[in-house]
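Here is how the chains run, residue by residue.
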Amino acid sequence: MELELNTTPDPQAGSRERSGAEQQALFLELLLRDAPAVEYERPVLRARSDGSGAETVAALENAKLAALRVRAVLRDRQRRESELSALFETANDLAGMRSLDQVLRAIVERARHLLGTDVAYLTLSDPEAGDTYMRVTSGSVSAAFQRLRLAPGKGLGGLVASTSLPYVTANYFADPRFEHAENIDTAVREEGLVAILGVPLRMNGRRVGVLFAANRRERPFAHSEVALLSSLATHAAIAIDNANLIDDTRRALDELHTVNERLQRHTASVERSAAAHDRFTDLVLGGGGVREVASAVAEVLGGTVCVHDRTSDEVVTASPEGVTSVTAPGTIGGSVGSGGNPRPSDRSPVLPADRDSARPSPEPFRHPGTDHVPGEGSGPEEGVDLTGAARSSLASGRAVSVGGTWVAAAAAGAEPLGTLVLRGVELDDTDQRVLERAAMVTALLLLIRRSVSETEHRVRGDLLNELLEVPARDPVSLRQRAALLHADLDTPHVLVVAEAPGGDPQRLRSAAAFAAETVGGLAASRGGRLVLALPGSDPAEVGGRVSAELSAAANGPVTTGSAGPTRGPETFRDAFTEAVRCVQTLRALGRNGDAATSDDLGFSGLLLSQDRDVPGFVTAALGPLLEYDAKRGTLLVETLRAYFAAGGNLSRAKDDLHIHVNTVAQRLERIGHLIGADWQLPDRALELQLALHLHGLLDQGVDLLGDRDHT
C-alpha cells in the first residue's frame with residue numbers, strides 16, 4: 001500500500017499551482033488504479049503542507065469528493081455485477097438439479113456464500129400443522145436448532161412466514177419487534193445467532209417457506225443484501241417448484257408403471273385362467289386322471305404341485321417341466337398307466353416286493369399313525385400345518401395359504417376325495433380360482449373313476465361269488481365273463497381269505513378290490529370275510545403280501561389263509577374251502593394277524609389240505625435230518641425215533657440203539673442244530689412223531705395217497 005502511495009506524482013516537481021485539468025488527471029489516475037480511499041486524501045494534505053492557496057486546496061477537496069463518489073458508484077456496480085453473476089450461476093445450477101433435497105441444500109449453501117454469513121438455513125411451511133419447520137441448514141452446530149419448528153407469528157421466522165415480508169435484525173434478542181417464544185429463543189441461543197435476515201419464499205402467490213442468513217455477532221444487513229437474498233429466494237422458489245413438479249412427475253410415472261405392471265399381471269392371470277379352463281375341460285372330456293391334473297396346474301400356475309388321490313392313496317408331484325414323481329399305493333403286480341389305472345398288458349401274476357412305498361390311510365388326509373397331508377413336514381414349509389389347512393379348505397370350499405404353501409381340498413360335498421398342494425409361487429385372486437377349479441376338476445374325475453371302479457369291483461365280486469357257489473355255474477359262461485374283466489380263470493390262481501374284526505370294512509374292501517384289479521384278479525366279500533383270487537402259483541408268497549397290504553389298509557392285524565394254485569374254474573371252490581379252514585385254524589390256535597397255508601400249519605395243515613401231501617409234510621418236518629443222514633451215512637432219524645419211543649429216556653434209547661448214552665446226547669444236540677432248538681416242545685414234538693410214523697409207512701411202501709394223482 002505504501003508502495004502505491006509513493007508512486008503518487010509529487011506536486012512540487014513542477015509548478016506549485018496546478019491547473020484544474022491536472023487536478024482531475026491526478027484523481028482519475030487514482031480511480032484507474034482502484035487506489036484505496038486513503039490515497040485520495042494525500043493530494044489535499046500535500047497542498048496544505050506546501051502552503052498552497054485556499055482556492056487550490058478547495059479545488060482539490062472538490063475533486064477528491066467527486067472522485068470518491070465516482071469510486072463508490074463503480075464499487076456498487078461491481079458488487080451488483082458480482083451479485084447478478086452469482087444469481088445467474090445459482091439459477092443455472094438450480095435448473096440442472098432434479099432432486100428437491102439437492103435443490104434446497106444448494107440454495108442454503110449459496111445464500112451463505114453470497115452474503116458471507118456464519119449460518120444459512122431454510123424453513124418450509126407445513127399446511128397440516130399450520131407452522132413452519134426447519135428443512136435445511138448450513139453452518140449449524142446445534143441439533144435442537146436443526147429440529148426447530150416455528151409457530152405463526154413467533155420469532156423473526158414466524159413473522160416472515162405469516163406476513164410474507166422480509167425482516168432483518170442486528171441483534172435478535174434485543175429487538176422488541178418480535179414475539180419471542182421459549183423454544184425458538186433457546187434454539188437460537190444454543191446456536192449462538194445474533195444478527196438474522198429472513199426473506200419469504202413465495203410460489204404462485206402462496207407462501208412455501210423462509211430463507212435465512214444469520215451471523216453469530218452483531219452486524220447490520222444493507223438493503224442490497226436484503227434485495228440479494230430476496231432475489232435468491234425467488235430463484236429458490238422457482239427451483240423448488242420445478243423440483244416438486246419433477247417429483248410429482250416421477251411419482252406419477254412410477255404409479256403408471258405400477259398400474260401397468262398390475263394390468264399386465266391381471267391380463268396374464270386372465271389368460272392363464274382361460275388356458276386352465278380349456279385344459280381342465282379337455283381333461284374331463286378325455287378321461288384324464290390325477291397325473292394330468294397335476295401337470296396342467298404346474299404348467300399354468302408354475303411352482304411344484306402335489307396331488308394326493310385319497311381314493312387310491314396315489315401321490316403325484318409335478319413341476320412346469322412335467323410329472324417328476326408318482327408315489328403309488330403299492331400295486332400287486334403290474335405298473336400304473338396314465339390316469340392312475342392299471343394297464344392290462346402290464347399285469348403280473350405275483351405281488352411285487354416294493355409294497356411299503358405308500359399305504360391307504362384309515363382317515364382323511366392321514367397316513368397310518370400320523371395326522372398330516374402327504375408331503376407335510378418336508379421341504380421349506382417344514383412344520384407347517386397342512387392338515388389344518390386342508391380341513392379349512394374342505395370346510396370353506398376355498399384354497400388356503402399357509403406358510404407360503406397353497407392347499408385346496410378336492411371334495412364331493414363334505415366327503416374329501418383328495419388334496420392339491422402348490423408350493424413355490426404366490427397366487428393372486430384369479431390364480432387362486434384356477435387352483436380351486438383344479439380341485440373341483442380333480443374331485444369330478446375321482447368321482448367318475450370311483451363310480452366306474454365300484455361298478456367293476458361289484459362285477460368282479462359277483463363273478464367270484466358264482467365261482468365259489470355249489471353247484472358251480474356253466475364254466476364256459478364264467479370264462480367269457482372273466483375275459484371281459486381281463487381275467488383268465490385257466491391261469492393258476494391263489495385263493496386268499498382274510499379276516500380283520502377291528503378294521504374298517506370299507507377300507508379293507510377298497511384295498512382288496514385294488515389289489516385284485518391291478519393284476520387281473522377277483523375280490524369279493526363273503527360271510528364277513530374278504531376273498532381274493534389272484535393269479536399266482538405260490539400261496540405262501542401271494543398270501544403274505546396280501547396280508548401286508550390289508551394290514552396297512554386296516555392299520556391293524558389281518559389274519560389270512562391261502563390255498564392253491566387252482567386248475568380251472570372248477571377248483572376255485574375247493575381252494576376257497578381250504579383257505580377258510582386255514583383262517584379258522586389260525587384263529588383257533590390264537591395266531592391272529594398271521595398269514596398261513598396248509599403247509600405252514602404242520603400236521604393240522606395235512607388234515608385240512610384237500611390234497612393231503614404226505615411226502616411234502618414229511619419233508620417239511622424231517623427234511624434236514626434226512627438230507628444229513630443221506631450225505632454222511634448217520635442215523636439221526638433213527639435216533640430221534642428211538643428217543644421218542646423211549647419216552648424221552650436217554651438210557652432206554654441207548655439200549656434200543658446199542659450205543660453209548662453220550663453218543664445219544666451228541667446226536668440229539670446235532671438234531672437240535674438242524675431242525676431248531678424247539679423240537680422238544682409239545683406241539684413240535686407231536687408233529688415230529690407223526691412225521692416219523694408216516695416216514696416209516698412210506699419206507700415200507702404204503703400208498704398213503706390212494707388213487708389220486710399227486711405228481
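Residues numbered from 1 in each chain as written. Predicted model: local features only at pLDDT ≥ 70, side-chain atom pairs only at ≥ 80, totals over all residues. Heavy atoms only, no water.

Trainee: How would you explain helix α5 (residues 100–115) if you had to name every residue and give the values?
Mentor: Over its 16 residues, α5 extends 23 Å from the first C-alpha to the last, a length consistent with the 22 Å expected when each residue adds 1.5 Å. Within α5, burial applies to Leu 100, Val 103, Leu 104, Ile 107, Val 108, Ala 111 and Leu 115. One face of α5 carries all of its buried residues, which in axial projection span an arc of 130 degrees. Among the residues trailing α5, Gly 116 stands out with phi positive, at a value near 65 degrees. (Helix = DSSP H or I, 4+ residues; strand = E, 2+ residues; numbered from the N terminus. Expected span 1.5 Å × (residues − 1). Buried < 20%, exposed > 50% of the residue type's maximum accessible area, 1.4 Å probe, protein only. Arc of directions from axis to C-beta.)

Trainee: Mind laying out the pairing of strand β8 (residues 314–319), listing which residues take part and the relevant values?
Mentor: Buried residues dominate β8, accounting for 6 of its 6 residues. Looking at chain direction, strand β7 (residues 304–309) and β8 are connected through 5 bridges and run antiparallel. By the bridge assignment, Asp 309 is partnered in β8 with Glu 314. (Pairing = 2+ DSSP bridges.)

Trainee: Pulling in residues and values, what's your account of the sheet that holds strand β14 (residues 522–526)?
Mentor: Read across the open sheet, the 5 strands follow the order β14-β15-β13-β16-β17; overall the sheet is mixed. On the outer flanks of this sheet lie β14 and β17 (595–596), each paired with one strand and no other. Bridging between strand β13 (residues 493–499) and strand β16 (residues 559–563) involves 5 bridges; their strand directions are antiparallel. Bridge pairing in β16 places Ala 498 opposite Thr 560. Strands in contact with helix α15 (residues 539–554) are β13, β15 (529–535), β16 and β17; relative to β13, the strand with the most contacts, it is inclined by about 35 degrees. In the packing of helix α16 (residues 572–588) onto the sheet, contacts are made with β13, β14, β15, β16 and β17, and the angle to β16 comes to roughly 145 degrees. (Contact = heavy atoms within 4.5 Å. Axes fitted to C-alpha atoms, helices over the stretch in contact; angles between N-to-C directions.)

Trainee: Now, about the pairing of strand β11 (residues 405–412): what can you tell me, with residues and values included?
Mentor: Along any regular strand the residues' side chains alternate between the sheet's two faces. Within β11, 6 of the 8 residues are buried, leaving the element largely enclosed by the surrounding structure. What sits between strand β10 (residues 400–402) and β11 in their antiparallel hairpin is a turn of 2 residues, with Gly 403 showing a positive phi close to 60 degrees. Summarising the sheet, β11 and strand β12 (residues 415–423) pair through 7 bridges and their orientation is antiparallel. Residue pairing across strands places Trp 406 opposite Leu 422, the latter belonging to β12. Hairpin connection, β11 to β12: the antiparallel pair is bridged by 2 residues, and Gly 413 has positive phi, about 70 degrees.

Trainee: How would you sum up the packing of helix α19 (residues 636–645) against helix α21 (residues 661–675)? Please name residues and give values.
Mentor: With their axes 10 Å apart at the nearest point, α19 and α21 run at an angle of 110 degrees to one another. Classified by the interaxial angle, the pair formed by α19 and α21 is roughly perpendicular. Along the contact surface, α19 presents Leu 636, Thr 639, Leu 640 and Tyr 643, while α21 presents Arg 667, Leu 668, Arg 670, Ile 671 and Leu 674. Class assignment of the residues belonging to the contact of α19 with α21 gives a composition of 6 nonpolar, 1 polar and 2 charged. (Parallel < 35°, antiparallel > 145°, perpendicular 65-115°, else oblique. Nonpolar A, V, L, I, M, F, W, Y, C, P; charged D, E, K, R; others polar.)

Trainee: Describe the packing of aromatic side chains, and please don't skip the residues or the numbers.
Mentor: Counting across every chain of the model gives 6 aromatic pairs. Considering the side-chain rings of Tyr 121 and Phe 212, the 4.4 Å spacing of their centres and the 15 degrees angle between planes classify their relative orientation as stacked. One end of the pair, Tyr 121, is in strand β1 (residues 119–126); the other, Phe 212, is in strand β6 (residues 206–215), with 91 residues separating them in the sequence. Neither Tyr 121 nor Phe 212 differs from the other in exposure class; each is buried. Pairing Tyr 643 with Trp 679 gives two aromatic rings, centres 5.7 Å apart and planes at 65 degrees, and the pair type is edge-to-face. Of this pair, Tyr 643 sits in helix α19 while Trp 679 is found in the loop between α21 and α22 (682–699), placing the two residues 36 residues apart along the sequence. (Phe/Tyr/Trp six-rings, centres within 6.5 Å; stacked < 30°, edge-to-face > 60°.)

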